[in-house]
Structures are given as structure tokens and as C-alpha cells.
Protein chains: 2
Amino acid sequence: MQEETGDMDRPVEPGHFSASEARLDKHIAGLCIVDFPVAVVLPAGGSGERTGLLTPKQFCTFLNRPLISYTIQTFERVPWIQSIVVVVAKESLDLMMDIIHRFHHRKVLVVHGGSTRHRSIFNGVRALSEGEDGTARVKPKVVIIHDAVRPFVEEDFLHKITMAAKEQGAAGAIRPLVSTVIATTLEGYLDHSLERTKYRASEMPQGFIYDVIYQAYQRCSASDFEFGTECLHLALQYCGTNAKLIEGPPTLWKVTYKRDLAAAESIVKETLSQSACVITGGSAQATELANALQRSMGALDMEVDVISDLIGDNAKSLSKEWNFIQVSVNNYWLSEVGEMLSALEVADRALLHPVVIIWVYLNVSNDDSSASEAMGGEPAAMMEIATGAKLGNILLYGIQLHHSKEATLWGRSVERVAQMSCALIRDRSPALTGQLLQA
Amino acid sequence: MQEETGDMDRPVEPGHFSASEARLDKHIAGLCIVDFPVAVVLPAGGSGERTGLLTPKQFCTFLNRPLISYTIQTFERVPWIQSIVVVVAKESLDLMMDIIHRFHHRKVLVVHGGSTRHRSIFNGVRALSEGEDGTARVKPKVVIIHDAVRPFVEEDFLHKITMAAKEQGAAGAIRPLVSTVIATTLEGYLDHSLERTKYRASEMPQGFIYDVIYQAYQRCSASDFEFGTECLHLALQYCGTNAKLIEGPPTLWKVTYKRDLAAAESIVKETLSQSACVITGGSAQATELANALQRSMGALDMEVDVISDLIGDNAKSLSKEWNFIQVSVNNYWLSEVGEMLSALEVADRALLHPVVIIWVYLNVSNDDSSASEAMGGEPAAMMEIATGAKLGNILLYGIQLHHSKEATLWGRSVERVAQMSCALIRDRSPALTGQLLQA
């Protein structure tokens, strides 16, 4: 059984992926040129017993999205990759289809896994050249095999593997060994240790000329299917293809334990928290605050853009930024934040990552009027809007500060707004949305 | 040069470490019995270029404490370990001494590292039997060698390594290989892959009879000192000692990359967030809220104890818990929270980990009086106390809720208090202390 979610045999147009998405990689998508068809097979049938979690690790969720969706996204934003075959266990099929629909993944074909890793990979490889009913498909020139649980592979490395595979027939990522490798005696004693410099850890991705990996699987034995672990080895043994080995970056690491999920989450959060955009509304007081925030948040390693509104050219920020700070000096905050929310929803901006909006209410009057009065004495309104926004993956927080004429007090308040804003943006805590904090 | 911070030749009394500290391990300290002297050498001279950070990774900080202090603490709370020799590069000596003083580490001796890992370890080993001036010290029977960047080793595993070392002369931790190990040709092609089942990754800790490791270092060559990586190998080659290999848990993993620091932080945060203690003050309304919180936070995987005060037997909570929720239904919150702060400070409770206090103000009146009025119209007072507490590593947050007679509204408020409390406890965000949140 196969279910398609995209037209897999037709090349997808380059530039299909927005520049904003590409920013999540260190490299802008589409800079590498590949003029032959490339497909990916992602075995995702593992049970994940090593994470210590009930859910297989590829389906574990952080920032509201399962790990496998991050990995799929990584390949989807590479314009020269035409299709992605995800191989899942029968019992995960519905879950996988749901993920694909929910996060609008295109280019993806889902097939059933086999009883071992090699059988699953072969199912995925075969699905690229023949349909379920046996009809022929236009097979790719090169197929990349990757793990669903290595979400951070970068386009330039995929390009290296793909080009080397096309030239040599096969190519694979390697990494230096982290620990000394030792051979043990049957009784559990040290036999000898390997010389670390002569060996490498074999990692993913690996790339193959389609016919090489297909033939290797057709020729290999039942025992290879059962106990083999290394695709490169099958290509060597059954097709005489010596794989080119390429040293990959540490980001190729595999999410194996529960702690790795925390590490993956921290990497995504850090990437989302590199910059923020302050919208002033144009008033002098708001602009003064925004400029001060730019300095203070800059010192906390967050790059801040200051703009007066989201009209015209400035509207680009909506499809570029993950974090917005809206400064209000009057009572009409609801309309400003409401407009931003609508614009983000129309752009489907928060589909893949939660977007943060911080509403900063600057109280410039001398009396004791507060933000809750500015909101018509109804802090519940803020909570209500935030609750609605959260359903759309937008996290709304509020910060209130008084405009003090005393420089030290003012400086301290601005510093606090900067610190809280950075913390809210980095933590992305859903439980604290709708709160109005005091600076 | 050597600097001592404890009396390293005298056994430390068992029970020296509080039960609360032991709770951070999965095992209660002191359950294993060892009737011979054991010492630890922690090489910590690495430059940490792989983390991508300027600070060597053993000195990188999370939750206000450097990684190496977590590792030292792990050994310090094992009663049968007498002394810990930390070997640091000359330029890190002042930093190391500062860490030892700041976090009240005892049992620690700091020595200078050599130009390679083996030279550093030998310096540490030698310092256990001879003082800087050449005077003899009472050497331990067994020495454990560990990495400063593996903070989560557990007592029962240290016990296994120690006992096996005493019996066999040497013992080391092993783990299954995560990746296939391959041999490469000089030209960068696949030569062959190793059969994964026959090999293991050699990890730390390793244990040795003191004389074995000492002699191995005395006999080994300059080339061993320069290029060798494996202490077990030296013991085999120069003392004929075949090390016993023991499979260790995944927690032995080594903090290598920046993402590993995030993983380590998440492990510590999770351990600190397993339970909380609600103090009601005894009133019926506060008790009702506390019981509701117990249920709701229980559903969010946080175990909640409800007590009426911190007097008598209940005072034990102060040295057992990392998280407190103080419920107030009147105006005297300052005194309640203030007393708790003093008690925690007296007990030096927040020395090693930040303690969270959440003050929950339950407004039971029908009028619109709020927590800020309860605080004498001065929310700044809360911020001031929180700012002071933060200097002592205590994180104070406030949550305000109205006691609604309408069951649905009340249920929703309680649910929100539970969610926010769990989030505040798990995030431990210093930037948000002093805030009064609305439930």
C-alpha cells in the first residue's frame, strides 16, 4: 500500500521554498546545482526503545511538531530533491499521514516497512521505480538514504554526498570516533583496542546511483537482509562499488536518547531566537524605547530590527521573522496586535514553528493608569486573544512599563524589558501566554 | 603546585551528604559498602574546541554552575570515595579554585595538568601518593579515572567498577557502538566495516589498583604519553593486567558539543522538577486549592505534597524539596515568603541548584481588590524581594487568582495555576522572577 501526497515524478520548481524557511539552515536553499533527478528514502520504522519513551523517537514531539516532520522539512526545502519516500511500520501509517497533512508536507510518498531495516530501505528504494500495482515509474539517478532521526543535515553536505555518489556509485558520511573502540574476549575482558586514527564511524546520509543500491538489494542474501547494518557494505559486496567517504559535520548526529530530544529542541529554539523585529507605530517615545531595546537585546546576542509598521516593504518581516515586539503608547493595542495576528494567520507563518509576539505597553502618563485600564479594565481580554492565538501556534505575551523621566529608573525598566523579551523568545513557554508582565 | 581544600587522607564520615542531595541520583548514596580507600582522578585540562564555545566545556555553566562542579558533586556524595584529584591546565587554576570555594566542594585536590591527557592523568595519580615536596602520602587501594565532562555517573556503577578493579587490577566501562565502525583506504574509500557485535566503545569511568596504573605510567614510553588514548591498554601492555569490561548505562555519555550542554541542563532540570511542596497556612480555602493543585499537577507528572506549615516535622521539606508553592489568602504574604527565604538561606539550600518559590495569592473577596493591594499597592515590593532572593539562587514568582463560586471558572483558574506552576518550575527562568501572573 502506498499513499501519495505530492506529484513525485515531476521536478519541483526551485524557489518553491521561502527564504525565511531557508534561514533555519545555515545555508540558503538552492545555491547548489544538481541537474539530474534525486530522491530520498527515510526509514522510519524503528520502535525507539532506546529513548526510554513509549513513542518511537521519530514521532516524539517538540515545539508542537514531531521529529520526523523536521527531517522531512529539511529535505523538502532543497529544491533539487524531487521526492521523499518515508518508510513506516504498518501501525504508524495513520499517524504518518496525519503528520503529512497537518504540516503540509509535499513531495512525500509513504510506504510500509519490512521486518528489518534493510527490508524497509529496499521497500523504499523499490517504490521509487515501481508503483504498488507494478507499474513502472521514472526512477531517480541518485537516491539518498538518511535516518528520520537526524533532522539537521544541511543542503551543502547533501550536495557533496549526491555528487560523489553519482561519480563513484556510492558515498557515505563518516565522523571521527568519539570513543576508543575495543575488542572484548568472550569472558568480557579487554582483548585489544583499535588504533583510533585508522577507523571512522559510518553515519548517514549515504548516497547511491539508483541502479547500484537496487541491484545490491536484489542480489544480497536473506542473512544480509536479516543481520546487515551497512548499505555501503552491500554496494561493495554485490556491485563492487567502493563508496567514497566524506567527513560530515557534528550536526549529522542521531537522536537516540531522551536527552537528544532536549538537545534537538534547544537547537531549533536557538535558531528561532536569533533575531526579533520591533514595531513602533511611529511615535517618538515608542521609537526611543525600540532603539534602547535594540541595544540591550543586542548585548544579549539577539539581533533586533526596528520598523514603524508592517505596511508596504515592511510587510516582508511577517514572512521573515519568528519574533515580534509590538510597542503601544495608546489604548488601541488590540487593533495592532489583532492585525498582526491576522496577517500571520493568512501567511500560515506559524505552521512549522511557533511565532512569538510580545506586546509592550508603554505608559507615558504621570498618573497611575495601567495597561489593564488601557485594555478597558479587562486583562481577561488579553488572555482570551492569547488563548485563541495559541491554537494557531502563536505565543502572545505582554509587558508593561512606565515611562520614567528618571534616567536610572528608565534604564532599569528597559533592561528588564530586554531581558524578559529575550527569555520569552528563547523559552517559548505556552503556559505563560496571555500574561502581562511588569518591567 | 597543589592546593588542598579538604583533608584528603582521612576517610570522610558516611552520611556526610544529605538525603536530599542523594535524591538527585537514582540511588541513595551510601548503600554500597567499600572497605578500602578509593580516590578519583578527573582530568579537566581539555580546551573543548569541539563544543564550538570559547570556554573549555568542563567550565561551561548551566543553572548557574559550571559542568565540572556537577561532576565533582557526583563523586563527593559517594561516602566511600575519600578524595578527588582534579587536574587542570595552569591557566584554569584560579577559575578552578574559585569554583571549589563557591560551591563548597570538599575532598578536592587540584593539580596542574601535563601537555597530554596521559601526562595529566599521571600527574593526578602521582599526587595521590606523594606531595608536591616529595613527601609520601597514604595511597588509595583503588583509583577511579573519570572525565570531568561526564557528570551523571551513578554510585552503583562506580561501585561495580571499583570492586572489579580491586579483583582484576583494572576495569572499564563499555557501551555498545552507536554507529558502524569502518576502515578507510588512504584515498578515502571504504575498505571494510567491522562486525558491530564484536566491538564496544570504551568509555569512562575506569578503575585500577593504584600500583597497577602507577607502574603502567612509570614503565610506558614517551610515545605512549604523547599519542596513547587508552589507560586500559597501558595496564595490559606494561603490567599484564587484562581489564574487566562492564557495560555502563547511557548516562555515562560525554558532554562534547554545545547541544550536549542543553541536554545536560534538561536532565538536571527534569530531576529538580519531579516534585513540589504546597504550604497552605492551614485555611480551608487554601487547602481546597492545594488539593486541587495536587490533582492537576499530578496529571502533569509532578508529584505534590500538601502541608500546612514548615514547623516541626514539616521543616524537613526545606531540606528535601527544590520547589515550594506558598498559598496566601490574606495580606501577610511577605512574612510567610520572607520566613521561607530565611530558612532556605540558613540551610544553604540553593547552593548547588536554584530553588523555586511560587507565591499563590488567592483572592476570596467579592470586590475587585487585587494582589497588588494586598501588597499595600506596591507590586515593586515583590520585585525587590525577588531580586534579592535571586542573588541567593532562589527564584520567586507570583500567581494571583480569584476564588470564583462558579465551578467552571474556578476549575479553569486552578488548571491555569497548575500549568503555570509546572512551567515556572521546569523552565527556572531567572528573567521572570518577581512577576505576578494572573490565573
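Here the residue numbers are simple positions, counted from 1 along each chain's written sequence. Here every chain gets a letter starting at A, and every ligand a number starting at 1, in the order they are written. Local features in a predicted model are, by the rule used here, given only for residues with pLDDT of at least 70; side-chain atom pairs are given and counted only at 80 or more, and totals for whole chains, interfaces and linings are based on all residues. Only hydrogens and water are removed before side-chain values are computed, so all heavy atoms of the structure are retained for them.

As recorded by an unreviewed UniProt entry, chain A carries the name D-ribitol-5-phosphate cytidylyltransferase and is attributed to Coregonus suidteri. UniProt positions are given in the numbering used here, feature names are shortened, and annotations may be inferred rather than shown by experiment. Quoted verbatim from the Sequence similarities (unreviewed entry) field of the UniProt record, the comment on chain A reads "Belongs to the IspD/TarI cytidylyltransferase family. IspD subfamily." The UniProt entry for chain A carries the following text under Subcellular location (unreviewed entry): "Cytoplasm, Cytosol".

A.B. asks: I'd like a rundown of the sheet that holds strand β14 (residues 303-307) of chain A, residues and numbers included.
C.D. replies: Residue and element names in this part refer to chain A. The six strands are arranged β14-β13-β15-β16-β17-β18 in an open sheet whose pairing can be described as parallel. Every other strand in the sheet has two partners, leaving β14 and β18 (436-438) as the edge strands with one partner each. On average, each strand axis in the sheet is tilted by 25° relative to the strand beside it, whichever way the strands run. By definition, two strands form a pair when at least two bridges between them are found by DSSP. In this description a helix means any DSSP run of H or I spanning at least four residues, a strand means any run of E spanning at least two, and both kinds are numbered starting from the N terminus. Pairing of strand β13 (residues 275-279) with β14 involves five bridges; the strand directions are parallel. To get an axis, a line is fitted to the C-alpha atoms, and for a helix only the part in contact is used. The angle between two axes follows their N-to-C directions and goes from 0 to 180 degrees.

A.B. asks: I'd like a rundown of unusual backbone geometry, residues and numbers included.
C.D. replies: Residue Pro205(A) is bonded to the preceding Met204(A) through a cis peptide linkage, with omega at 5°. Of note, the phi angle at Asp301(B) is positive, near 65°, even though the residue is not glycine. Residue position: Asp301(B) is located in the loop between α10 (284-299) and β14 (303-307). Three exposure classes are used, based on accessible area relative to the maximum for each residue type with a 1.4 Å probe and protein chains only: buried under 20%, partly exposed in between, and exposed over 50%. Judged by its relative accessible area of 66%, Asp301(B) falls in the exposed class. Phi is positive for Asn393(B), close to 70°, though the residue is something other than glycine. Note on placement: Asn393(B) falls in the loop between α13 (379-391) and β17 (394-402).

A.B. asks: I'd like to hear about the relation of the copies chain A and chain B, residue by residue, with values.
C.D. replies: What sets the superposition is a least-squares fit of C-alpha atoms, and only residues with pLDDT of at least 70 in both copies go into it. Placing chain A over chain B gives an RMSD of 0.0 Å and needs a rotation angle of 180°, together with 0.0 Å of translation along the axis. The symmetry that links the two subunits is that of a two-fold axis. Judged by C-alpha distance, Ala263(A) is the residue of chain A that lies nearest the rotation axis, at 2.5 Å. Residues count as neighbours in contact if any of their non-hydrogen atoms are within 4.5 Å of one another. Of the residues that chain A buries at the interface, 100% are likewise interface residues in chain B, meaning the two copies contact each other through the same surface.

A.B. asks: Lay out helix α3 (residues 93-102) of chain A in plain terms, naming residues and giving numbers.
C.D. replies: Residue and element names in this part refer to chain A. The set of residues buried in α3 consists of Leu93, Met96, Met97, Ile99 and Ile100. Considered in projection along α3, the buried side chains sweep an arc of 160° and stay on one side of the axis. Facing away from the buried surface of α3 by more than 90 degrees, the exposed residues are Asp94 and His101. Looking one or two places after α3, you find histidine 104, whose phi comes out positive at around 55°. Note that the arc is computed from the directions linking the helix axis to the C-beta atoms.

A.B. asks: With reference to specific residues and values, describe the packing of aromatic side chains.
C.D. replies: Only Phe, Tyr and Trp rings are paired, with Trp represented by its six-membered ring, and only when their centres lie within 6.5 Å; those with planes under 30 degrees apart are stacked, over 60 edge-to-face, the remainder tilted. What the rule picks out here adds up to 16 aromatic pairs over all chains. Ring geometry for Tyr210(B) versus Tyr214(B): centroids 5.8 Å apart, planes at 25°, classification stacked. A residue pair is termed a helical-turn pair when its members lie 3 or 4 positions apart in one helix, as Tyr210(B) and Tyr214(B) do in helix α6 (residues 210-219) at four residues. Of the two residues, Tyr210(B) and Tyr214(B), neither departs from the other in class, the shared state being buried. Through a chain of ring-to-ring contacts, the aromatic side chains of Phe122(A), Tyr210(A), Tyr214(A), Tyr217(A) and Phe225(A) assemble into a single cluster.

A.B. asks: Talk me through the packing of helix α4 (residues 117-127) of chain A against helix α6 (residues 210-219) of chain A; I want residue IDs and the actual numbers.
C.D. replies: Each pair of packed helices can be summarised by the angle the axes make with each other and by the distance between the axes. All names here are of chain A. As a packed pair, α4 and α6 sit with axes 10 Å apart at the nearest point and diverge in direction by 135°. On the basis of their axis angle, the class for α4 and α6 is oblique. The interaxial crossing formed by α4 with α6 has left-handed handedness. Each of His118, Ile121, Phe122, Val125 and Arg126 in α4 lies in contact with α6, whose residues at this interface are Tyr210, Ile213, Tyr214, Tyr217 and Gln218. Throughout this entry, Asp, Glu, Lys and Arg are counted as charged residues, while Ala, Val, Leu, Ile, Met, Phe, Trp, Tyr, Cys and Pro are counted as nonpolar. The remaining residues, Gly among them, count as polar. Classifying every residue of the contact of α4 with α6 by side-chain character gives seven nonpolar, two polar and one charged. For this classification, under 35 degrees means roughly parallel, over 145 means roughly antiparallel, 65 to 115 means roughly perpendicular, and everything else is oblique. Working rule for handedness: look at the near helix, and if it is turned counterclockwise from the far one by less than a right angle, call the crossing left-handed; if clockwise, right-handed.

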